[in-house]
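# Coordinate inspection notes
Listed below are the residues making up each chain.
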Amino acid sequence: MSEALWRRQPPPDIGSGATTLGRWTPVGFAGLTAGRLRLGAALHDGARPARADEAAVEKLTLAFEELVSNALRHGRPPVTVRVDVTDRSWLLQVSDAAGDRPPTAAVGRDAAEGGLGLYLVAELSVDHGWRVDADGGKTVWARVLFEEPQAAPDAPCGGG
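Residues numbered from 1 in each chain as written. Predicted model: local features only at pLDDT ≥ 70, side-chain atom pairs only at ≥ 80, totals over all residues. Heavy atoms only, no water.

Looking now at the overall build of the protein chain. Secondary structure assignment for the protein chain yields 3 helices and 5 strands. Starting at the N terminus, the α and β elements of the protein chain follow one another as β-α-α-β-β-α-β-β. Of the roughly 8900 Å² of accessible surface on the protein chain, 52% is carried by carbon and sulfur atoms. (Helix = DSSP H or I, 4+ residues; strand = E, 2+ residues; numbered from the N terminus. Areas by Shrake-Rupley, 256 points an atom, 1.4 Å probe, with all protein chains shown as cover.)

Where helix 2 (residues 54–74) contacts helix 3 (residues 117–124), the axes come no closer than 9 Å and their chain directions differ by 150°. In terms of orientation, helix 2 lies roughly antiparallel with respect to helix 3. As for how helix 2 packs across helix 3, the hand of that crossing is left-handed. From helix 2, K59, L62, A63, E66, L67 and N70 reach across to helix 3, where they touch G117, L118, L120, V121 and L124. Residues belonging to the contact of helix 2 with helix 3 are distributed by class as follows: 7 nonpolar, 2 polar and 2 charged. (Axes fitted to C-alpha atoms, helices over the stretch in contact; angles between N-to-C directions. Parallel < 35°, antiparallel > 145°, perpendicular 65-115°, else oblique. Left-handed = near helix turned anticlockwise from the far one by under 90°. Contact = heavy atoms within 4.5 Å. Nonpolar A, V, L, I, M, F, W, Y, C, P; charged D, E, K, R; others polar.)

What follows is about the packing of aromatic side chains. Within this structure, the stated rule accounts for 2 aromatic pairs. Ring centres of W24 and F64 lie 5.4 Å apart, and the angle between their planes is 85°; this geometry places the pair in the edge-to-face category. One end of the pair, W24, is in strand 1 (residues 19–24); the other, F64, is in helix 2, with 40 residues separating them in the sequence. Neither residue differs from the other here; W24 and F64 are each classed as buried. Ring geometry for W90 versus F146: centroids 4.9 Å apart, planes at 55°, classification tilted. In this pair, W90 is assigned in strand 3 (residues 89–96) and F146 in the segment after strand 5 (138–145), connecting sequence segments 56 residues apart. Side by side, W90 and F146 carry an identical accessibility label, which is buried. (Phe/Tyr/Trp six-rings, centres within 6.5 Å; stacked < 30°, edge-to-face > 60°. Buried < 20%, exposed > 50% of the residue type's maximum accessible area, 1.4 Å probe, protein only.)

Structurally, the position occupied by S89 is in strand 3. Looking at S89, the relative accessible area reads 2%, which means it is buried. The residues touching S89, leaving out its near neighbours within four places in the chain, are D84, R143, V144, L145 and F146.

Moving on: the side chain of D84. Tracing the backbone shows D84 in strand 2 (residues 80–85). Since its relative accessible area comes to 2%, D84 is described here as buried. At a separation of 2.7 Å, a polar atom in the side chain of D84 contacts the side chain of T20. A distance of 2.8 Å separates the side chain of D84 from the side chain of R82, its partner in a polar contact. Setting aside residues no more than four positions away along its own chain, D84 makes contact with I14, T19, T20, L21, S89, W90, L91 and Q93. (Polar contact = N/O pair within 3.5 Å; in protein donor to acceptor, adjacent residues only side chain to side chain.)

Tallied over the entire structure, the rule returns 9 salt bridges. Linking R36 and E65 is a salt bridge whose minimum nitrogen-to-oxygen distance equals 2.4 Å. In this pair, R36 is assigned in helix 1 (residues 28–44) and E65 in helix 2, connecting sequence segments 29 residues apart. In this structure R36 comes out as partly exposed when scored by relative accessible area, which is 27%. Classification of E65 by relative accessible area gives partly exposed; the value is 23%. Salt-bridge contacts for D127 lead to R143; the nearest nitrogen and oxygen are separated by 3.0 Å. Of this pair, D127 sits in strand 4 (residues 127–132) while R143 sits in strand 5, and the two are 16 residues apart along the sequence. (Salt bridge = Lys/Arg side-chain N within 4 Å of Asp/Glu carboxyl O.)

Here's what the structure looks like:
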C-alpha cells in the first residue's frame, strides 16, 4: 500500500454537532467480537441515523472489525475504539500504544492468507489515515459515509 493511500494525517475535524455513538476497550479477540456486537446492536436499536441504510451499517461494522483486529494483532495494549456520528458519516478511531508501528498493509500476499484489512478499509471509507498521539501511541481512523453528499443544484441560467 502506498504512502498516499494510507498516510499519516490527523482525523478530520468533525465539529461540535457530532455525537459519540460508543467507546470500547477490547481486550483480546473476545473483546473485539463483543464490541462489534454492541456496535451492531446500537445501530439496530435506534442509534442509526435515519438516512443510514443497512449497507452503510455493514461497511462500518466491517471497518470496525478490521481496524480493531489489526490493533490487537500488531499494536500494543491498551486498545481503545471510538465511533462518532456526524451529519453524513461515522468516524471510527482505533488507538493503541504502539506509535512506533504504523499501519502496514500486506504486500505480495495471496488474499487467501489474509492481511488485506487495510486495503479493505481504504475501499470502505471516504478517507482514512493515522497519527502518532501525544502519549506516544497511535490512532488509526476511517470515515465511513452513510449518506452521499448531494451535488449542488445548477445555478439558473441568465438569459435575455
